[in-house]
Amino acid sequence: MIRRPPRSTPKPSSAASDVYKRQDKYLNDLRNLLDNIPHLHLVFVSEGKRADWGLPGQVITPGIELDEYRSYEGTEPKVLRVGNFIKERDIMMGFSAQEQILFGIPSTLLGLNPTLPGAKISNSWEDLKQHYRSHRVYLNTTVEGWEDGYNLAMLEAMATGMPVVSTANSTSPVVDGHNGYISDDLKYLRKKILYLLEDREEAVRLGKNARKTVEERFNINDFVAKWREVMEGAAVIPACRWGGRPYVRGTTTGNGGKNILLAYVSYPATTARYLEDSLRKTHNVVTVGPSIWPGLIKKWNLENMGEEVKPHDIPCGFDIDIRQVVEGLSPAWQPDLLLWVESVYGYLPKGIGQLPFPTACYLIDSHLHLREHL
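Bear in mind that the values here come from a model prediction, so they are computed numbers and not experimental data.

Enquirer: Explanation requested: the overall build of the protein chain in the structure shown.
Expert: Helix and strand counts for the protein chain stand at 13 helices and 12 strands. Counting all 374 residues of the protein chain, 44% fall into the buried class. The contacts in the protein chain between residues at least 6 apart in sequence include a share of 70% that link residues at least 24 apart. For the protein chain, the exposed area adds up to about 19900 Å²; of that, 53% sits on carbon and sulfur atoms.

Shown next, in the form of C-alpha cells:
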C-alpha cells in the first residue's frame, strides 16, 4: 500500500502529488470493493495501519511467544539492526538517521540489503535469535507517519531481553530510561548507545523491562484470544443467535399452523418480506439467511427505503449448508416445510435436496439465471 503522508510533511512535489492521487484512487476503489462484501471483518495490526487505510475495523497488535525468546547475554558490544532494503526505504525505515547515530560504532545489519556492504542474511531462525542474545543493544529508527514505532524484529529483540534505542515515535513501546532510550535528538541516542556498549549491567536492567513490556502489551495469549474471537464471530454457526428457542417473535399461533423455515436475503423491499408477514399470521415461521449490506444498499439506491434492515431469526452467510441449520434447531421446533424465496442473487443454501421434509422455492427473476433456476 502507498502510505499517507505524515501531517507534518511539507507540501509535496508534483511527482509526490501524483503518488498521493494514485493512492486516493486506490483507496476509493478498495472501499467500493469492500462495501460489496457482506459480513465483512477487517483486522489491522496497529492503530496507525487502521488510520492509513481509513477504514473501520478491529486492531490486533502482534503477539510474541516469550518462551521462544530468552537468555539475553549482551556479551558482544555491538548494535543490532534487522530489516530489508532499509536504505531504499529510508523514508520509512530511517536509514539516514541510523547512519548519523552509528558513525564509527560497531554494528551488525541482518536482512536483504544488497546495496549495503557488510549486511548479511540470517541463515536460520536460531541464528537470528542468537544475534538477539549476543548483541548489546537494538537500534530502531522507523519513521512516524510512515511506520509504527515498532516492528516484529524490534519486539523479538525486546522479548529476548535486549534494550532498544529508538528515534521518537508516539506509538513506540520504548520508555526512555525504563526499557531503553528514545528521543528525536540523534546525538542523545548516539551517546546512550555508547553508554550501553560500556555498561552491560545497565543493558541487562533495561532489557528485563523490555521483555516485561512485550509480555504486557504484545502477549501471544492475548493475540490468540483476539483472533479466535474474530474468527468465531465471522464463522457461520447456524443457530447460535437464535439459541434453539422453540418459537420466535410470538409466532406460535395455536391454530394448528405449520412450522415453516423461510430462507431469503433480508431487506425491506424484497418480495420474501411480504410473504413472511402473511405467513406469520397463520403459521410458525423461522427465517434464516444473510442480510443486505450497506454497499449494496448504496449501489441499488435503497437509502430512502424508510425501514431498517431486519436481521433474520437465524443469521448466516451466503455460503450455508441448510442441513447444518436444521441440525441446530430445537427438537421442540422442527420444520414442516422449507421455503426458499429468491432475493439477492447468490444465496441458495446447499443441501436442500437432502432435507427430510418438503421443500419449495419461489422464483422472482424468472427471465434470468435459467440454469440456476432449473
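Enquirer: I keep staring at the packing of helix α5 (residues 125-134) against helix α6 (residues 152-160) and nothing clicks. Help me out?
Expert: A pair of packed helices is characterised by two quantities: the angle between their axes and the separation of those axes. Orientation of α5 relative to α6, taken along the N-to-C sense of each, is 60°, at an axis distance of 9 Å. Relative to α6, α5 is oriented oblique. In this structure, α5 meets α6 at a crossing whose hand is right-handed. Note on element contacts: α6 touches α5 through Ala153, Glu156, Ala157 and Thr160, opposite Leu128, Tyr132 and Arg133.

Enquirer: Help me understand the confidence of the model for the protein chain in this model?
Expert: Segments scoring low in pLDDT should not have their predicted coordinates read at a detailed level. Residues with a pLDDT of 70 or more make up 86% of the protein chain, whose mean pLDDT is 84. Here residues 236-254 is modelled with pLDDT under 50, and outside its nearest four sequence neighbours on either side it reaches 48 contacts, counting other chains as well.

Enquirer: Is there a simple way to think about the pattern of salt bridges in this case?
Expert: Opposite charge on two side chains allows them to pair when their charged atoms are near. Within the structure shown, the criterion is met by 15 salt bridges. Across the salt bridge formed by Lys129 and Glu68, the nearest N and O atoms sit 3.7 Å from each other. Of this pair, Lys129 sits in helix α5 while Glu68 sits in the loop between β2 (58-59) and β3 (76-82), and the two are 61 residues apart along the sequence. On the basis of relative accessibility, which here comes to 35%, the residue Glu68 falls in the partly exposed class. The salt bridge involving Glu216 is made with Lys212; its shortest N-O contact spans 3.8 Å. Taken together, the residues Glu216 and Lys212, both in helix α8 (residues 200-217) and 4 residues apart, mark about one turn of the helix. Assessed through its relative accessible area of 46%, Lys212 is described here as partly exposed. Taken together, the shared-partner salt bridges connect Glu276, Arg280, Lys310 and Asp313 into one network.

Enquirer: What should I look at first to understand the nonpolar core in this one?
Expert: A general trend in soluble globular proteins is that nonpolar side chains are found buried together. Val82, Tyr132, Tyr138, Val165 and Ile193 are the most contacted members of the largest nonpolar core, which totals 38 residues. The biggest single contributor to this core is α6, with 6 residues. When neighbours within four sequence positions are excluded, Tyr138 is seen to be in contact with Leu80, Arg81, Val82, Tyr132, Asn151, Ala153, Met154, Ala157, Met162, Pro163, Val164 and Val165. Judged by nonpolar contacts, the second largest core, of 27 residues, contains Ala263, Val325, Trp333 and Ile352.

Scoring rules and cut-offs
- Residues numbered from 1 in each chain as written.
- Predicted model: local features only at pLDDT ≥ 70, side-chain atom pairs only at ≥ 80, totals over all residues.
- Heavy atoms only, no water.
- Helix = DSSP H or I, 4+ residues; strand = E, 2+ residues; numbered from the N terminus.
- Buried < 20%, exposed > 50% of the residue type's maximum accessible area, 1.4 Å probe, protein only.
- Contact = heavy atoms within 4.5 Å.
- Areas by Shrake-Rupley, 256 points an atom, 1.4 Å probe, with all protein chains shown as cover.
- Axes fitted to C-alpha atoms, helices over the stretch in contact; angles between N-to-C directions.
- Parallel < 35°, antiparallel > 145°, perpendicular 65-115°, else oblique.
- Left-handed = near helix turned anticlockwise from the far one by under 90°.
- pLDDT = per-residue confidence, 0-100.
- Salt bridge = Lys/Arg side-chain N within 4 Å of Asp/Glu carboxyl O.
- Core = buried A, V, L, I, M, F, W, Y, C linked by side-chain atoms within 4.5 Å.

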